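A structural walkthrough
Residues per chain are reported as follows:
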Amino acid sequence: MSNFYEERATMIAARDLQEFVPFGRDHCKHHPNALNLQLRQLQPASELWSSDGAAGLVGSLQEVTIHEKQKESWQLRKGVSEIGEDVDYDEELYVAGNMVIWSKGSKSQALAVYKAFTVDSPVQQALWCDFIISQDKSEKAYSSNEVEKCICILQSSCINMHSIEGKDYIASLPFQVANVWPTKYGLLFERSASSHEVPPGSPREPLPTMFSMLHPLDEITPLVCKSGSLFGSSRVQYVVDHAMKIVFLNTDPSIVMTYDAVQNVHSVWTLRRVKSEEENVVLKFSEQGGTPQNVATSSSLTAHLRSLSKGDSPVTSPFQNYSSIHSQSRSTSSPSLHSRSPSISNMAALSRAHSPALGVHSFSGVQRFNISSHNQSPKRHSISHSPNSNSNGSFLAPETEPIVPELCIDHLWTETFTNIREKNSQASKVFITSDLCGQKFLCFLVESQLQLRCVKFQESNDKTQLIFGSVTNIPAKDAAPVEKIDTMLVLEGSGNLVLYTGVVRVGKVFIPGLPAPSLTMSNTMPRPSTPLDGVSTPKPLSKLLGSLDEVVLLSPVPELRDSSKLHDSLYNEDCTFQQLGTYIHSIRDPVHNRVTLELSNGSMVRITIPEIATSELVQTCLQAIKFILPKEIAVQMLVKWYNVHSAPGGPSYHSEWNLFVTCLMNMMGYNTDRLAWTRNFDFEGSLSPVIAPKKARPSETGSDDDWEYLLNSDYHQNVESHLLNRSLCLSPSEASQMKDEDFSQNLSVDSSTLLFTHIPAIFFVLHLVYEELKLNTLMGEGICSLVELLVQLARDLKLGPYVDHYYRDYPTLVRTTGQVCTIDPGQTGFMHHPSFFTSEPPSIYQWVSSCLKGEGMPPYPYLPGICERSRLVVLSIALYILGDESSVSDESSQYLTRITIAPQKLQVEQEENRFSFRYSASVSSLAERLVVWMTNVGFTLRDLETLPFGIALPIRDAIYHCREQPASDWPEAVCLLIGRQDLSKQACEGNLPKGKSSVTQVLSSDVPSGTETEEEDDGMNDMNHEVMSLIWSEDLRVQDVRRLLQSAHPVRVNVVQYPELSDHEFIEEKENRLLQLCQRTMALPVGRGMFTLFSYHPVPTEPLPIPKLNLTGRAPPRNTTVDLNSGNIDVPPNMTSWASFHNGVAAGLKIAPASQIDSAWIVYNKPKHAELANEYAGFLMALGLNGHLTKLATLNIHDYLTKGHEMTSIGLLLGVSAAKLGTMDMSITRLLSIHIPALLPPTSTELDVPHNVQVAAVVGIGLVYQGTAHRHTAEVLLAEIGRPPGPEMEYCTDRESYSLAAGLALGMVCLGHGSNLIGMSDLNVPEQLYQYMVGGHRRFQTGMHREKHKSPSYQIKEGDTINVDVTCPGATLALAMIYLKTNNRSIADWLRAPDTMYLLDFVKPEFLLLRTLARCLILWDDILPNSKWVDSNVPQIIRENSISLSEIELPCSEDLNLETLSQAHVYIIAGACLSLGFRFAGSENLSAFNCLHKFAKDFMTYLSAPNASVTGPYNLETCLSVVLLSLAMVMAGSGNLKVLQLCRFLHMKTGGEMNYGFHLAHHMALGLLFLGGGRYSLSTSNSSIAALLCALYPHFPAHSTDNRYIPG
């Protein structure tokens, strides 16, 4: 048995053995299809799997095989990803009956059906094919143009093509097709030859046998062949030889291999486009040939392919044979079962080169296009269904245009003739493989002679043609290429599976679980009597095969593969042996490095051939060594390494390097067993016998080896070299060093080994690899491993400077002394010292530093394709630091020397072309040149991150410069490299802005604009649509928002007129409906102002366009105008004043802060008409918010205020204050004080200031003194919160708004100061506010305003207690703002919701919302974005007794007021949600979003719940609006679709409880969501929160004249 183990040792172990069943087969069983029923009858699956008797099994197998064989076939290919990245999975195309199933998947990725197709008639063949979509048909176009990836399905009468994008094409076939081949250009058809093709005595040339089709919409055209004769003149003609069959077709290089059945030889042709001169030769030859039959041939062919009768096909065969051409009468034709409708042929006629007008002929039966003859380009026409049967020449009208051929095959090589050729030596399998050194071979398997013939070929120097070499024969029964590792698998006649690279044998492949063939059989076909080699008794064999049954024969697959390959009938009878002697009888479906083996028992297994190396370090070193060695030696070296690496039980990832070093050094002539540092390598038990001879058994007495191992360990060396060790004078291991020296005296390098002469060259390239690895921060470990090898070689080659170089880099790893292996001086002469070898070590760091210092440096040596980083760094430094622009564009750079060995010139040129610099983009500076060049050579951000920082600095600097001002035409990769992904989207979508903006215009004009022809300005025309289309490129949400927020067009008033309604009542009904809709229209400007924020730069010579607020309606169906001013219904006075004001604010907020505006322009905008004054007032306020109002001259301010227009005063005061935020500006303070009686001296004359103006002035004071904690202001404002109503009617109406304004102003003045209110302790601010909040006795007024409040009001009897309803909101929010984010628990506890029923009855539920909000804002850090936290704010009593809104029955309770409880519950939840909105404003926090979205949904369901009336719909609507605002705050500027859907839903609700305030809230939310067109978001600074509190005060006005909230 020992020879068996030796054999195993040199074997290559295959990995990942898996049973293989085509995925499509299983899918077919479940696919809804008529074929299913047949399959199920054929395969009694349950019986097959469960049958015990093997004979029964084979019986049923035989039944199935007969039917099944023609039914199924499949092919596999490497997965192709959409994006072009490297993917590692298989794609399978499975054909059975009428079905084609395309699936994808692999070991790591489950198989899944990608597409399944079912066609009308049985599928003859299915294949993948890429068609080129290009008008330009030149050869060049094929390299650059985009392709349409298709799957083609051949049926008997037509071919279906389905592209990945979803386009479907059908082309009918004018002849029977024997075979279809995908080519680089399109499809190639072989016509099947019929027996009665040419009738005897017919004076005709045969018709072509090969045709091409370049695109599904193109015509099928015959193939031209150009063959060189012996005398050098070549002949061009159609391919008409029936004996010539295609056996192989390849796309890159584009070659065809044919077999001549008469001469029994194979030929290779190149497939290319027809040149125009060849085209002319063929056409002239056929038109003006001397004999009439030539004319007849050409024309009848043309007519046959062109006849466009009716899209019918003959009744008889799916396509009648050509004989129909020769019959005299036309065969009667009727549409057959599978014929397509005429529209398809019409579609086919609309080729890419034609206008639709030319497609008409397909109905008319006309046989010719009228196309002028001067046009040289080949025309494409439609393809007919029915063959034309006239052959007597009557149809040969002189204008019949011949079909122009598209492709040509050009003869390259024919195998040599031999006399003893067998008849049927046609190749059954052909493939192209390359060996480990990149030499290519065309291999074809001639099965009848059991040999694989390999022809070496290579490109000529000018890359125009292929040169074929000699043929090598390898005995083989089957073969398949293994592309990934440049090898091929060959199945020998004896049943052995052998791996070859090119024609060099690598070794046998051992498949774990399958017996080695040498054990079980000695001749090709096993028989029971075969002597079993090397096995004395049958017992071990039965054991071996017994275990094999469990491993491989997982389940007998119910069918036999190809019975024609089994010469012996024995297999079908003797089942017992069949299960024992399984052997491989064919190989199929090679993909990447996986291949399927068909076993003799019909089952299949898929195996993976191991890769050459798995670790990056070993791969790089192998590439470098391969590059430098002559090809033959390189192949031998790689074969040896592969045998070692892939032996059964091969190395793990970590020990691979150790194995590589040992193997390499053995090949150089070292004895690794005796060398100290390689001797202790740990191979994890995988040391193959090839490398190390078997070690002797350790003697019983023990040895010193273990101690030596410890002394030589890395750990020991590190401790030994530690400074502490030296200072303690510890030197225990001298003995071992002595021992090492003894050892080293007799170590020498064997000069007879394979790589001995190449040691210097190998050493030098490995040094360059070492320098390359320094440029990758991830390869630190690899460098350490490589240094040890390099140091050993450098010492032995006596290269002092190199050893010194390594020592400087890694002082801890490199010991100054070490073992030296002597190289016999006599042998050093044989060593080949290459010309590029330098005595000084090349160092990339040194080269770069010299460059930076400006010193001259010799060119840096580099290995093409291996040391790419070194090349990149050298050239980028040369370009960017030295400023030499030619460094990257020159072919041969002065900064690099390319290392070559003479025979590999060709490869180097290839490499160079890859890096030639293309000026594809506009480049102005060195930085831009560098960045564009780096992208062209494939440098990415990931590469940049792995470069050492110092080296990467110049590159990063260039990127930094490019990032600020990128060119618009840079490709996507450049944009990604400079970190401008925002531009890469533009780059890849090309003309996206143009396309998108046109869409926008179309959509905006779709808004119903009635009969007006001029486009109304809706105030949103100035948005930057290019930016928005980049942010939201997937859909049209922006157009939707624009539609929702426009208020310039009449609304649609849809009211049904019931029979009982009179016309007058109907008109009133319509106007009432319009009044409801106008509540919504008036709320729109607030949202629009947010949406269009800062989107416009005004022109100084034109006034700002303010869109009209259109409150009219249109009633369908006649589109009659509905107006509120007709006097039929009561309309509240001044209804539109605030809406107009907001409209003005929205228009003013469009102005960007950077705009150039002066006082004159602001005055210039003042309207002529008095009714537009409100809009101008809003415009002034907006200018203040933008910061532009500071430019307005004081004189003008005075002028506006003296006019006494209330709205203008409000807008101006708020605007001026906002512009001077937090400045304590004295002039503004004076201006505001005039409007606030409390700030005037007691003796001053009482001014009659409108109440709303006072409110605005109070807020203004808060803004001007924001965050200053100014004592006097705070004192006045504190008193103003509780100001009692004065005598007569003074301060009586809308007191709430004044109190609230004072509270907010106080909060702003002391914003976030909390307990640090310096100098205000005597004011007791928090206590006073608490009193305002919960009520109690009014304190006695102190100070100078005492006089004013002596006389009580005549209207309101308040007594001595504080009116909490008035003062509570202001006081609550003041507390919230003063203690904002302070986390002050004592104050927060004041604001806790009451937890007894008694106390709850004292608080208005809506005040609980404010309290909860205030409490959470104070305890800022406690806010958590989850529903558990939100619920934790609800007191226990409410939580326990709150009714679930979905219950039908209400629980009865004596002492609990359910209405109060449920209202309190919803308001507290809403308050907590609002605080969540503030806390995460603008953050797009996902958990906050999910939590708020859940509550919004809950409130939506509550509204429609049966007991919503308990809580009250108004309260629920308020809470829903608050939650929606919170959602919009969190998602501000993001345009989130879910929030948009909510806003859109609420926009549509106009009846019932929906009042002006709710619409205002919903459209504010919509505005926040698309803040500034998605360019802005919200901030959570103290100032921002104060502003948001004022803006989103959660008590919404009931109608547009309701002033109990803050105006503006």
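Residues numbered from 1 in each chain as written. Predicted model: local features only at pLDDT ≥ 70, side-chain atom pairs only at ≥ 80, totals over all residues. Heavy atoms only, no water.

This part covers the sheet that holds strand E28 (residues 504-510). The strand order E1-E28-E27-E26-E25 describes an open sheet built from five strands, whose pairing is mixed. Either end of the sheet is taken by a strand with one partner, and the two such strands are strand E1 (12-13) and strand E25 (478-482). Judged from the two bridges that link them, E1 and E28 form a sheet pairing that is parallel. Within E28, the position partnered with Ile12 by the bridge is Val509. Packed onto the sheet, helix H17 (residues 631-645) meets E1, strand E27 (497-501) and E28 and runs at close to 10° relative to E28. (Pairing = 2+ DSSP bridges. Helix = DSSP H or I, 4+ residues; strand = E, 2+ residues; numbered from the N terminus. Contact = heavy atoms within 4.5 Å. Axes fitted to C-alpha atoms, helices over the stretch in contact; angles between N-to-C directions.)

Our focus in this paragraph is the nonpolar core. Core analysis: the biggest nonpolar cluster contains 201 residues, and Phe1091, Leu1212, Leu1306, Val1325, Leu1329, Val1430 and Phe1478 have the highest contact counts within it. It is helix H57 (residues 1458-1479) that provides the largest number of residues to this core, a total of 13 residues. Excluding anything up to four places from it in sequence, Phe1478 contacts Leu1413, Leu1417, Trp1420, Met1529, Thr1580, Ile1585, Leu1588 and Leu1589. Of all hydrophobic cores here, the second largest spans 131 residues; its members include Ile625, Leu629, Leu755 and Leu875. (Core = buried A, V, L, I, M, F, W, Y, C linked by side-chain atoms within 4.5 Å. Buried < 20%, exposed > 50% of the residue type's maximum accessible area, 1.4 Å probe, protein only.)

Looking now at unusual backbone geometry. Following Asp252, the chain continues into Pro253 via a peptide bond in cis, with omega recorded as 0°. With respect to the secondary-structure elements, Pro253 resides in the loop between strand E17 (244-250) and strand E18 (255-260). The residue after Pro1116, namely Pro1117, is reached through a cis peptide bond having omega 0°. Topologically, Pro1117 is positioned in the loop between strand E35 (1113-1115) and strand E36 (1120-1122). The backbone of Leu450 sits at a positive phi, close to 50°, despite the residue not being glycine. Its location among the elements puts Leu450 in the loop between strand E22 (440-446) and strand E23 (451-459). Its identity is not glycine, yet Met1224 carries a phi of approximately 55°, on the positive side. Within the secondary structure layout, Met1224 lies in the loop between helix H45 (1206-1219) and helix H46 (1226-1233). Of the residues examined, Met1224 reaches a relative accessible area of 36% and is grouped as partly exposed.

When H46 is considered as a whole, its buried residues turn out to be Ile1228, Thr1229, Leu1231, Leu1232 and Ser1233. Buried positions along H46 lie against helix H44 (1194-1202), H45 and helix H47 (1251-1264).

Quick look at the confidence of the model for the protein now. Do not read the predicted coordinates in detail wherever pLDDT is low. Taken as a whole, the protein shows an average pLDDT of 75; of its residues, 71% reach a score of 70 or greater. Low confidence marks residues 990-1015, where pLDDT is under 50. Its contacts with residues over four positions away, or in another chain, come to 24 contacts. (pLDDT = per-residue confidence, 0-100.)

All chains considered together, the criterion is met by 30 salt bridges. The salt bridge partner of Asp1040 is Arg1043, with a shortest N-O separation of 2.8 Å. Residue Asp1040 and its partner Arg1043 are located together in helix H39 (residues 1037-1045), separated by three residues, close to a single helical turn. A salt bridge links Asp1225 to Lys1220; its shortest N-O distance comes to 3.8 Å. Three or more residues joined by partner-sharing salt bridges are found here, namely Asp90, Arg594 and Arg606. (Salt bridge = Lys/Arg side-chain N within 4 Å of Asp/Glu carboxyl O.)

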